[in-house]
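Architecture and fold: a report
Spelled out from the first residue to the last, the chains are:
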Amino acid sequence: MLFEDSNKLDMSDAEYRMFCELVENHCGLHFSNDSRFLVEKRLARRMAKIEMTSFASYYYELKSGGSGDEELANLIDELTTNETYFFRERKQLQALFEEIMPEMLEIRKANKQPGPVSVWSAGCSSGEEPYTVVQLALEAGYEPGRDIRVYASDISRS
């Protein structure tokens, strides 16, 4: 027997564009048409949690409802991929410590700019990536605070 989801919501092209524009204007997350299935699925999942029955009514709630800012933050949490782990993107980490850091410190020294090189770990979920950067910096002989300063952030509250 085939299962048919009678409660499946269909999102129009206009609704998809409206949600994508809302999210991009709010926090800079950009979703292309290639991401439509993912966005629709995650929007529908969020809507089910709060018992919304149409994309249009959910969009209206986000734009003008009393819980708009809080709900928009919940939606952003739903739309982002919260993946984090130590030593993520090894080739990038290798490039950071074998090529970028030595060059940046030389430039700072030549220009007589004291202070550490700042590294921003953006989209790092619960923080394993910035911890990895600090650990590798120590192993490479850099002193946190003197040679390198690591900032970390993530748009998702969870």
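Below, the structure is looked at part by part. Computed from a prediction, not measured in an experiment: that's the story for all the values here.

About the criteria used
Per chain, the residues get numbers from 1 upward, laid out in the order the sequence is written. pLDDT decides what is reported in this predicted model: residues at 70 or higher carry local features, side-chain atom pairs at 80 or more are listed and counted, and totals for whole chains, interfaces and linings draw on all residues regardless. Excluding hydrogens and water, the side-chain figures rest on all heavy atoms present in the structure. Orientation is described by lines fitted to C-alpha atoms, with helices fitted over the stretch in contact, and by angles between N-to-C directions that extend from 0 to 180 degrees. Only DSSP runs of H or I covering at least 4 residues are called helices, and only runs of E covering at least 2 are called strands; the numbering of each starts at the N terminus. Angle categories: roughly parallel below 35 degrees, roughly antiparallel above 145, roughly perpendicular from 65 to 115, and oblique for all the rest. Here a crossing is taken to be left-handed if its near helix is turned anticlockwise relative to the far helix by less than a right angle, and right-handed if that turn runs clockwise. The contact criterion used throughout is that any non-hydrogen atoms of two residues lie within 4.5 Å. Residues were grouped as follows: Ala, Val, Leu, Ile, Met, Phe, Trp, Tyr, Cys and Pro as nonpolar; Asp, Glu, Lys and Arg as charged; and all remaining residues, including Gly, as polar. Helices are assigned an expected span. That span is 1.5 Å times one less than the residue count. The buried label applies to any residue whose accessible area, calculated with a 1.4 Å probe on protein chains only, is under 20% of its type's maximum; exposed applies above 50%, and partly exposed to all values in between. We define a salt bridge as a side-chain nitrogen of Lys or Arg found within 4 Å of a carboxyl oxygen belonging to Asp or Glu. Aromatic rings from Phe, Tyr and Trp, taking only the six-membered ring of Trp, are treated as a pair when their centres fall within 6.5 Å; an angle between ring planes under 30 degrees marks them as stacked, one over 60 as edge-to-face, and anything in between as tilted. Only when DSSP finds a minimum of two bridges between them are two strands counted as paired. Clockwise travel from the first strand over the helix to the second, with the strands pointing away from the viewer, marks a crossover as right-handed. For this analysis, a nonpolar core means a set of buried residues of the types Ala, Val, Leu, Ile, Met, Phe, Trp, Tyr and Cys, connected via side-chain atoms within 4.5 Å.

1. Quick word on the packing of helix H1 (residues 13–27) against helix H3 (residues 55–64)
Running from amino to carboxyl end, H1 crosses H3 at an angle of 25°, the nearest separation of the two axes being 10 Å. When the axis of H1 is compared with that of H3, the two are roughly parallel. By crossing handedness, the relation of H1 to H3 is classed as left-handed. Contacts between H1 and H3 involve Glu 15, Met 18, Phe 19 and Leu 22 from the first element and Phe 55, Ala 56, Tyr 58, Tyr 59, Leu 62 and Lys 63 from the second. Per-class residue counts for the contact of H1 with H3 are 8 nonpolar, no polar and 2 charged.

2. A look at helix H6 (residues 128–139)
If you check H6, its first and last C-alpha atoms are 16 Å apart, about what 12 residues at 1.5 Å a residue would give, namely 16 Å. Among the residues of H6, those classed as buried are Glu 128, Glu 129, Pro 130, Thr 132, Val 133, Leu 136 and Ala 137. Where the residues of H6 are buried, they touch helix H5 (90–110), strand E1 (117–122) and strand E2 (148–153). Once H6 finishes, Gly 141 follows within two positions and takes phi at roughly 90°, a positive value.

3. Examining the pattern of salt bridges
Following the criterion strictly, the structure yields 11 salt bridges and no others. Between Arg 88 and Glu 129 there is a salt bridge whose closest N-O contact spans 3.1 Å. Of this pair, Arg 88 sits in the loop between helix H4 (68–79) and H5 while Glu 129 sits in helix H6, placing them 41 residues apart in sequence. The closest approach of N and O atoms between Arg 146 and Glu 143, which form a salt bridge, is 3.1 Å.

4. Examining the environment of Lys 112
Relative to the helices and strands, Lys 112 is located in the loop between H5 and E1. Look at Lys 112 and you get exposed, because its relative accessible area is 72%.

5. Quick look at the packing of aromatic side chains
For any two aromatic rings, the description comes down to two numbers: the centre-to-centre distance and the angle of the planes. Under the counting rule described, the total for this entry stands at 4 aromatic pairs. Taking the centre distance of 5.5 Å and the plane angle of 80° together, the rings of Phe 19 and Tyr 59 count as edge-to-face. Residue Phe 19 is found in helix H1, and its partner Tyr 59 is found in helix H3; the two are separated by 40 residues along the sequence. Feature note: the residues Phe 19, Phe 55, Tyr 58 and Tyr 59 constitute an aromatic cluster, connected by ring pairs.

6. Examining the pairing of E1
Burial of E1 is one-sided: the residues Val 117, Val 119 and Ser 121 facing one way are buried, the residues Ser 118, Trp 120 and Ala 122 facing the other way are not. Sheet topology note: the E1/E2 ladder contains 6 bridges and is parallel. Opposite Ser 121, over in E2, you have Ala 152 as the bridge partner. Following the chain from E1 across H6 to the adjacent parallel E2, one finds a crossover that is right-handed.

7. What about the nonpolar core?
Phe 19, Phe 31, Leu 43, Tyr 58, Leu 62 and Leu 75 are the most contacted members of the largest nonpolar core, which has 18 residues in total. Of all the elements in the fold, those that place two or more residues in this core are H1, helix H2 (36–49), H3 and H4. Each residue touching Leu 75, except ones within four places of it in the same chain, is listed here: Val 23, Leu 43, Tyr 58 and Leu 62.

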